[in-house]
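Per-entry structural report
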Amino acid sequence: MRHVPNVATGCRARIPRVIPEWVSTRNRSNWLRAAAAVVAVSVASAASGADPASSTPKLPTAPVVRKPLPAGTAEKLKSGDPERIAAALDDVRLAGKGAARLTGEITGLLDRGLTASLAEAALAALAEVEAPVSTPSIVSYLSHRDAKVRTAAAKALARTKGTAAVVALRRALSDSEPGVRGAAASGLGALRAREAVGDLAVALDHRVVEAAEPIGQLCNADECNDFLGRLGRLPFDLMESGLEPILFRPNAEVSEDTKANVIGRVRELKTNEAHKFLQEIQKRWPAGASPRLKTLVDQAVTATNRASGS
Amino acid sequence: MHFAYKTRSRFAGALVALSVASAGGACGGALTKSDLFSSEWSADRGEGVASVRQRLAGTRAAPGVDVAVGVAVNGERIVGVLLDSGARWSFAHPLDARPVIAGQVVVGSGGGEIFCLDGRTGNKLWTRPTGGLPLIGAGDDGHFTVITLGRSGGARGSTLLAIERGGDVKRQIETDKDVGVPAVVAGLAFIPWSRQYVSVFDIIAGDELARILLREQVSRAWTQGGDVYFGENSVYRFDERIKDATLERASRIRLPARELPGSPVLLPPIEERPKLVSDARDRVRVYVRPSTNAVNGANATSATPQEGWLVVANSRFYASYFRIIMGFDSSRGGLSWVYTHPLDVIGAAAAEDGLLVCDEKGKVTFLSARQGDPLGDRDLGEPVKSCAVQVDALAVRGGRPPQPVSLAEELAEALRVPDAELATGKRLLVREIATLDDEVATKALVDVMGDPSLSPFVADDVRTALAARRKGARYMLAALERHYDFLKNILKPPPVGPIAQSFAAMNDPSAAPLLAGHLLDPVTPEQDVQEAARALTTLAGPAEVPALKQFFVLNYASASTAPMKSAVVSIGQVLLKHGGKDGRAAVDRAVASKMTGEDLRGKLRELYEAAGVAPPPR
């Protein structure tokens, strides 16, 4: 995943480095155009002066150009023919929420059994439909023997939501495959599953990279401080994506003192990467945001510049 | 712990006076170049042996010093510790061979000479130049030290030196035969040669007094407990029966044939000269202590050895395999105990009451013969590169009272040692533990499967053993409760397949829900999935149907391997039997689906016939 810094908001839009496997060949160029468009929208939104603390863009992990659902899709799903089912699932995915009426057909397919590749496509389609009713059918696919299917299920649960999704994703943090664990961690962040912060912290300790960002997005004061306690113990690049959201969350969620603590702890590292991180924060610090914190960031940049010999 | 010398009660048997048959051509003087080792010797019907026994009547071999010696890490110093008092000594000298302990002395080699040390003090007694000939072995009777030197470059032939305490060479014998390690008693040298003879040689007179032909390989002689022994794969005692050695009527200890890890030998052949630095051969050995039966023959059953007969002390022999020490019943070869030492054992010696083992740190530990309990230890004071132990009269008593530990627990402890090098030994232990009708044995097998470092070879054996268990169901159930959990660092699933086989054989349905749960765990290996599914055909009931239906739905269209297809068929069978309408419908759909492979579809169809129900239309 490549991070595109958003100068105005301090947040970063993410463009996947590779096109997801479930994006069919005929849709790949569309997908790339859509990804670029989403990033452009994100940057434009930030430049408009929106509150940096509340404008964290909600980006789809797989941007899709929506298309109306073709006629006959339901029949294709019911056909029992693997090729026709695959084509129909592709159509559903492109239609997104517009295909919500076919949710039952797709969950029915999952409940009756599919090949691994069709199951992956069905889960991707349900992710785009975002129908909470599909969550139970998706959950059972976290037990599939194919890790790609489990990863698709974890990603879908992040979109279909619901308590059962949170429970299942927390369990999926313990999956044997890194991809599934990463998708589960990201999904818990997307679901804003505050109750999962403890699990995410354990996952971070187990080098689940994707756990840092949701921790930063969801932690309360104690949990944020607990997270900060890992600075110096865990590699900085593992922590970095969790530090950033803490600094840009509204003061109602994270106090200035906690944010000051983050700046102070990073400053104490006195490393080159700490310096670069603080420089990025300094560049993106919104005008009009806390002058006290701004001063702390400025001082920290100067101090780490000297200490790291940059 | 205290060490004490045992009082000896055995006397040499009565001897019949016979004329001594002289060995032809043995000459006197310092240098003997004779036909001592000639093949011209003719059988003398035991007359030579009888004369030697007559000469030795009432004379026992001088007690050897109870000592452990090691080569210091720098390779230029010998360190010793007396096993009775714990007193240590040290002697610096270049070394090119491992020192040997002979009776009351320690003989070393290096710097172009051999040297002799007092085994109790480490004080130098003498040195002699060797011209670089390698040291093979030595024997000592307190007056003479007889030393065998080999030939350089592995050439055949040997040099025997009989050296007095003051360092004077009383006799030197050159021969083209390969001579083994001698023993000396009252001026008589017992010299094994050509792997099949033992000649008794009068050091002062220079005569070969007797020659013993053995039907087994013999390369080493030694004294112990006042008696003379020799052998290689077996242990022979020089007594009144030795004259019938060719008729295989000699007093002999032959260990029962049994599997031992690493194929250890009792006494390594002399061609395998012990290296200065211990190697695998030293870590994989068998030890036995010959002794004399003290049971009164009048009370003995016909199967009991009579008084004075040669027996194995404490009916124990021992095998070392790196860190694992095993005690065996010498009559049948059954495993009696297992002791796991903290470090590799690089040298050992059997005593009357147990085994003394020496490790790389220079620690000498006494293990009881009965249970393998560590009763005490001595310390060479520093790490050593190799170690030799001699125990003659030493007896060890006391120490902490042994705690009752079952053999299964001892085996489990040995199996838990995380050392891949022990794989061969562990395989043996697994086979041993499999024979125990003990719940703890089941627990041990379950536990060892959780070891992440377990060798695949050992794991296969453990799986086989577990599948055959019929006791310890609670430990297997506890194992099934465990699932892979990355965040909890449970990174190895339990041995689901073998446990399933065991429960199926016991027809115990208590494992069914747990087995069904493991079918849905993606980490469960396919082989285990297959075995669990097969077991569930007999163990599962309606309660397991939801989980089994989920497994069936997730896998029938994507099963591509034989184990997974087999598992799908087994679960299909359960669904037809216990699944009611829903279960039946799931199987019907799989049979009808275009996503189901043809071979799997065919096998699923067969289930209907077996269940006595009509299959869905084609």
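Located above this text is the structure these notes cover.
In this report, we go over the structure that sits alongside the text. Treat the numbers as computed from the prediction; the structure is a model and nothing was measured.

**Some points on the pairing of strand S10 (residues 135-140) of chain B**
All names here are of chain B.
- Most of S10 sits inside the fold, with 6 of its 6 residues counted as buried.
- Taken together, the 5 bridges between S10 and strand S11 (residues 144-149) define a ladder with antiparallel strand orientation. Among the inter-strand pairings, Gly139 is bridged to a residue of S11, identified as Val146.

**Description of the state of the cysteines**
Residues and elements named next belong to chain B.
- Counted under the stated rule, the structure contains 2 disulfides over all chains.
- Shown here is the disulfide that connects Cys358 with Cys387, its sulfur atoms set 2.0 Å apart. Linking Cys358 and Cys387, the disulfide has an S-S dihedral of approximately 100° and is accordingly described as right-handed. Taken as a pair, Cys358 in strand S27 (residues 354-359) and Cys387 in strand S30 (residues 384-390) lie far apart in primary sequence, 29 residues in all. Assigned by exposure class, Cys358 and Cys387 land together as buried.
- Cys116 forms no disulfide, and the closest cysteine sulfur to it belongs to Cys387, at a distance of 19 Å.
- For Cys116, a relative accessible area of 0% corresponds to the buried category.

**Some details on the pairing of strand S12 (residues 158-164) of chain B**
All names here are of chain B.
- Buried residues dominate S12, accounting for 6 of its 7 residues.
- Direction of pairing for S11 relative to S12: antiparallel, over a ladder of 6 bridges. Looking across to S12, one finds that Val146 is bridged to Ala162.
- Pairing between S12 and strand S13 (residues 169-175): 6 bridges, direction antiparallel. Counterpart to Leu160 in the pairing with S13 is Ile173.

**Describing the interface of chain B and chain A**
- Of the residues lining the interface, 24 residues belong to chain B; the matching set on chain A comes to 29 residues.
- Between chain B and chain A, the buried area comes to about 2100 Å², and carbon and sulfur atoms account for 60% of it.
- Its largest share of buried area at the contact with chain A, chain B owes to B:Phe486, B:Leu487 and B:Met595, together 32% of the area lost on that side.
- Remark: the boundary between chain B and chain A carries 0 salt bridges.
- On inspection of chain B and its partner chain A, the count reaches 10 residue pairs in polar contact (both at pLDDT 80 or more).
- The element that contributes the greatest number of residues to the side of chain B that touches chain A is helix H11 (residues 545-555) of chain B, accounting for 4 residues.
- For the side of chain B that touches chain A, the residue count by class is 14 nonpolar, 5 polar and 5 charged.

Conventions used here
Residue numbers restart at each chain and count upward from 1, following the sequence in its written direction. All chains are assigned letters beginning at A, and all ligands numbers beginning at 1, according to the order in which they are written. For a predicted model such as this one, the threshold for reporting local features is a pLDDT of at least 70, and the threshold for listing and counting side-chain atom pairs is 80 or more; totals across whole chains, interfaces and linings nevertheless cover every residue. No hydrogens and no water enter the side-chain calculation; it runs on all heavy atoms of the structure. The buried label goes to any residue with under 20% of its type's maximum accessible area, the exposed label to any with over 50%, and the partly exposed label to all in between, with areas taken from a 1.4 Å probe on protein chains only. To qualify as a helix, a DSSP run of H or I must reach at least 4 residues; to qualify as a strand, a run of E must reach at least 2; elements of each kind are numbered from the N terminus. Here a strand pair is declared whenever DSSP counts at least two bridges between the two strands. When the sulfur atoms of two cysteines come within 2.5 Å, that pair is taken as a disulfide. Residues are treated as being in contact if the distance between any of their heavy atoms lies within 4.5 Å. The quantity reported as buried area is the accessible area (1.4 Å probe) lost by two parts once they are put together, taken as the sum for both. By salt bridge we mean one thing: a side-chain nitrogen of Lys or Arg within 4 Å of a carboxyl oxygen of Asp or Glu. In protein, a polar contact means a hydrogen-donor-capable atom and an acceptor-capable atom, both N or O and within 3.5 Å, with residues adjacent in sequence counting only if both atoms are side-chain atoms; elsewhere, any N or O pair within 3.5 Å suffices. Polarity classes work like this: nonpolar for Ala, Val, Leu, Ile, Met, Phe, Trp, Tyr, Cys and Pro, charged for Asp, Glu, Lys and Arg, and polar for all others, with Gly in that last group.

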